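As a plain string of letters, each chain reads:
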Amino acid sequence: MLTAWADESGSQPDRDPGTYLIAVALCEADDVPALRAAMSELRLPGEKKVHWHGSSDARRQDLIDAVAALPVAGFVVVRSESGAADRRHRRKCLEYLLPNLADMPCSRITFESRGPRDRSDTDLLQKFRAQKVVSAGLRIDHAIGRTEPALAVADIVCGAVVQSRVGNADYLAALGNAVELHHV
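Residues numbered from 1 in each chain as written. Predicted model: local features only at pLDDT ≥ 70, side-chain atom pairs only at ≥ 80, totals over all residues. Heavy atoms only, no water.

## Overview of the overall build of the protein
The helix and strand tally for the protein stands at six helices and six strands. Overall, the protein shows an N-to-C arrangement of helices and strands of β-β-α-α-β-α-β-α-β-α-α-β. Scaling as 2.2 N^0.38, a compact globule of 184 residues should have a C-alpha radius of gyration of about 16 Å, and the protein matches this with 16 Å. Overall, the C-alpha framework of the protein stretches about 45 × 40 × 30 Å when taken along its three principal axes. (Helix = DSSP H or I, 4+ residues; strand = E, 2+ residues; numbered from the N terminus. Rg over C-alpha atoms; globule rule 2.2 N^0.38 Å.)

## Concerning the pattern of salt bridges
All chains considered together, the criterion is met by 14 salt bridges. Ionic pairing is found between Arg91 and Glu95, a salt bridge with its closest N-O pair at 3.1 Å. Pair noted here: Arg91 and Glu95 are both in helix α3 (residues 86-103), with a separation of four residues, about one helical turn. Classification of Arg91 as partly exposed rests on a relative accessible area of 32%. Its salt-bridge partner being Asp141, residue Arg108 comes within 2.5 Å of it at the nearest N-O pair. One end of the pair, Arg108, is in strand β4 (residues 106-112); the other, Asp141, is in strand β5 (residues 139-143), and 33 residues separate them in sequence. (Salt bridge = Lys/Arg side-chain N within 4 Å of Asp/Glu carboxyl O. Buried < 20%, exposed > 50% of the residue type's maximum accessible area, 1.4 Å probe, protein only.)

## Considering the packing of aromatic side chains
Tallying each qualifying case throughout the model produces two aromatic pairs. Look at Trp52 and Tyr171: their rings are 5.0 Å apart centre to centre, the planes differ by 85°, and that puts the pair in the edge-to-face class. Residue Trp52 is found in the loop between α1 (32-42) and α2 (57-68), and its partner Tyr171 is found in helix α6 (residues 170-174); the two are separated by 119 residues along the sequence. Each member of the pair Trp52 and Tyr171 is classed as buried. The positively charged end of Arg90 is found above the aromatic ring belonging to Phe111, 4.9 Å away from the centroid. (Phe/Tyr/Trp six-rings, centres within 6.5 Å; stacked < 30°, edge-to-face > 60°. Lys NZ or Arg CZ within 6 Å of the ring centre and 35° of its normal.)

## Side note on unusual backbone geometry
Note that the residue after Met104, namely Pro105, is joined by a cis bond; omega there is -5°. Locating Pro105 in the fold gives a position in the loop between α3 and β4. In this structure, Lys132 is a non-glycine residue whose phi angle is positive, near 65°. Take Lys132: its relative accessible area is 74%, and that puts it in the exposed class.

## As for the nonpolar core
Core analysis: the biggest nonpolar cluster contains 35 residues, and Leu35, Met39, Val67, Val76, Val153 and Ile156 have the highest contact counts within it. Elements with a contribution of two residues or more to this core: β2 (19-28), α1, α2, β3 (73-80), α5 (151-165) and α6. The element contributing the most residues to this core is α5, with nine residues. When residues no more than four places from it in sequence are discounted, the contact partners of Leu35 are Trp5, Cys27, Leu70, Val72, Ala150 and Val153. Leu2, Leu101, Ala102 and Ile109 belong to the second largest nonpolar core, which has 24 residues in total. (Core = buried A, V, L, I, M, F, W, Y, C linked by side-chain atoms within 4.5 Å. Contact = heavy atoms within 4.5 Å.)

## Considering the packing of α2 against α5
The N-to-C vectors of α2 and α5 enclose an angle of 120°; their axes lie 10 Å apart at closest approach. Compared by their axis directions, α2 and α5 come out oblique. Handedness of the crossing formed by α2 with α5: left-handed. Contacts from Arg60, Leu63, Ile64 and Val67 in α2 reach Val153, Ile156, Val157, Ala160 and Gln163 in α5. A breakdown of the residues in the contact of α2 with α5 according to their chemical character gives seven nonpolar, one polar and one charged. (Axes fitted to C-alpha atoms, helices over the stretch in contact; angles between N-to-C directions. Parallel < 35°, antiparallel > 145°, perpendicular 65-115°, else oblique. Left-handed = near helix turned anticlockwise from the far one by under 90°. Nonpolar A, V, L, I, M, F, W, Y, C, P; charged D, E, K, R; others polar.)

## Things to note about the state of the cysteines
By definition, a disulfide links the sulfur atoms of two cysteines through a covalent bond. A complete count under the given rule lists zero disulfides for this structure. In this structure Cys27 is not part of a disulfide, and its nearest cysteine sulfur, from Cys106, lies 8.9 Å away. Its relative accessible area of 2% is what places Cys27 among the buried residues. Here Cys93 is not cross-linked by a disulfide; its sulfur's nearest cysteine counterpart is in Cys158, at 9.7 Å. Residue Cys93 is classed as buried on the basis of its relative accessible area of 0%. (Disulfide = S-S within 2.5 Å.)

Pasting the structure below:
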């Protein structure tokens, strides 16, 4: 059974306006300890969590190389709509993402916590279950980024996709066929 780790990002507003994405890193449940260990080892002294944003090009390459060596697949949902609020972007991305994860089959997806806004994710999942769009087998969790190192994998995939969208495809290319892009 697959488990997933998710991160969201807006693209670069000046170079890719109105674009929002959710990146998911999928792995077998048995591989989660290795995933966590690999991301924990990448944390720099003083760094609360591994994070793409603000990293140097050399650091980003190290992060991509580490993810490319892991037994993970990326599934990224990209949405572009000028003037749309992040909340709308997120909902539209989840409307595509959650049924696809359930069909894989994926038993659990963990998002980085957004505090009180986490409830909107679980409410949407309940709505999909009631409509029989998603089976009861898929669960949503939320975790704090600094306490869940596996979330960093999705952050890195997200960063690679954003870079590709603004003209630097090298990072995404280094991940090869391990990342699927879906535009909604």
